[in-house]
Amino acid sequence: MSGVLGAGMTSQRTRTRLIERLRAQGIADEPTLQAIGAVPRHLFVDEALASRAYEDTALPIGHGQTISQPYIVARMTALLRQTGSLAKVLEIGTGSGYQAAVLAHLAGHIYTVERVGALLRVARKRFASLNLQNIHCRHTDGSSGWAEAGPFDAIIVTAAAREVPEVWLGQLRENGRLVAPVGIASQALLLYRRHGGEISCEELEGVNFVPLLPGGVV
Ligand code: SAH
């Protein structure tokens, strides 16, 4: 990597600075910070944007989509990690694959679905080149989850839904958690938990995600 980009922009030191910033923003879960430190975010964006990969900002990944801001990746990852098991995790919205790659360092198995085939093809190549063998992908509309692979200990949704469909909650195991951005004009991060057959929901901070869209595209 150092030839074209210059070692400075993509080095471990740059990643360490990102982690210091996340810590200063209140991310205190060390395993989450370590996972972020282990994933080369510059490999999840176009080469032309690689020099900006360790800024704490969302970046375009084509098809009108974005790779989430590191802060929100860290926040959602830490929330799920600190509230229970990550043996089997479902992600709705693979996008660049970055969030799945971070989770792959903390979870048993990640099942991730993406509606845009072209994005998923690139993400799969990234998983293979980083030897992340515990990520399983599917090209599909994630509105109905991934019933055959479930139930899941945790579900992470990385595109904003109008509301959380019952079918997602139905794919949560006992003590399972689901974190999702919900809303249209303004979005909030919601944390659902399944406990003794009951589902609870807690509203966290305001967020800004691309919308969940229906149907698959090539
Ligand atoms: N987790 C991603 C964030 C990508 S942005 C990352 O780390 O890069 C959200 C992604 O959700 C986009 O790639 C978008 O195509 C996808 N998406 C939107 N609606 C979807 C749906 N119904 N099913 C599956 N994926 C969806």
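Structure first, text after, so check above.
The present account deals with the structure reproduced in this document.

Cut-offs used in this document
- Residues numbered from 1 in each chain as written.
- Predicted model: local features only at pLDDT ≥ 70, side-chain atom pairs only at ≥ 80, totals over all residues.
- Heavy atoms only, no water.
- Near = heavy atom within 4 Å.
- Polar contact = N/O pair within 3.5 Å; in protein donor to acceptor, adjacent residues only side chain to side chain.
- Areas by Shrake-Rupley, 256 points an atom, 1.4 Å probe, with all protein chains shown as cover.
- Helix = DSSP H or I, 4+ residues; strand = E, 2+ residues; numbered from the N terminus.
- Nonpolar A, V, L, I, M, F, W, Y, C, P; charged D, E, K, R; others polar.
- Contact = heavy atoms within 4.5 Å.
- Phe/Tyr/Trp six-rings, centres within 6.5 Å; stacked < 30°, edge-to-face > 60°.
- Lys NZ or Arg CZ within 6 Å of the ring centre and 35° of its normal.
- Buried < 20%, exposed > 50% of the residue type's maximum accessible area, 1.4 Å probe, protein only.
- Right-handed = clockwise from strand over helix to strand, strands pointing away.
- Pairing = 2+ DSSP bridges.
- Salt bridge = Lys/Arg side-chain N within 4 Å of Asp/Glu carboxyl O.

Our focus in this paragraph is the site of the ligand. Residues in contact with the ligand amount to 27 residues; listed here are only the nearest, Ser96, Glu114, Asp141, Gly142 and Leu213. Between the ligand and the protein, one listed contact pairs a nitrogen atom with a backbone N or O atom of Gly142 at 2.7 Å. Between the ligand and the protein, one listed contact pairs a nitrogen atom with a side-chain N or O atom of Thr158 at 3.1 Å. About the coverage of the ligand: the protein hides 100% of its 580 Å² of free accessible area. Mapped onto the shell around the ligand, the elements with two or more residues apiece are strand 2 (65–67), helix 6 (98–104) and strand 4 (109–114). Among the elements that take part in the shell around the ligand, strand 2 stands out by supplying three residues, more than any other. Split into classes, the residues belonging to the shell around the ligand amount to 10 nonpolar, 13 polar and four charged.

This part is about the side chain of Gln171. Along the chain, Gln171 falls in the loop between helix 8 (166–170) and strand 7 (172–182). Among the polar contacts made by the side chain of Gln171, one reaches the main-chain amide nitrogen of Trp146 at a distance of 2.8 Å. Setting aside anything within four residues of it in sequence, one finds Gln171 in contact with Leu90, Ser144, Gly145, Trp146, Ala147, Pro151, Phe152 and Ile155.

Using the criterion set out here, one finds three aromatic pairs in the structure. Linked through ring pairs, Tyr111, Trp146 and Phe152 together constitute an aromatic cluster. In this arrangement the basic side chain of Arg41 is found over the ring face of Tyr98, its NZ or CZ atom lying 5.5 Å from the centre.

Another aspect to go through is the pairing of strand 3 (residues 88–92). Taken across its five residues, strand 3 has five buried, putting it largely inside the fold. With helix 6 bridging strand 3 and its parallel neighbour strand 4, the resulting β-α-β unit is right-handed. Across four bridges, strand 3 lies against strand 6 (residues 152–157) in parallel orientation. For Leu90, the partnering residue across the bridge sits in strand 6 and is Ile155.

In this section: the pattern of salt bridges. The final tally for this structure, using the stated rule, is eight salt bridges. Arg23 is paired through a salt bridge with Glu30; the nearest N and O atoms lie 2.9 Å apart. Using a relative accessible area of 33% as the deciding quantity, one classes Arg23 as partly exposed. Look at Glu30 and you get partly exposed, because its relative accessible area is 35%. In this structure, Arg173 engages Asp153 in a salt bridge whose closest nitrogen and oxygen atoms are separated by 2.8 Å. Highlighted residues: Arg173 in strand 7 and Asp153 in strand 6, separated in sequence by 20 residues.

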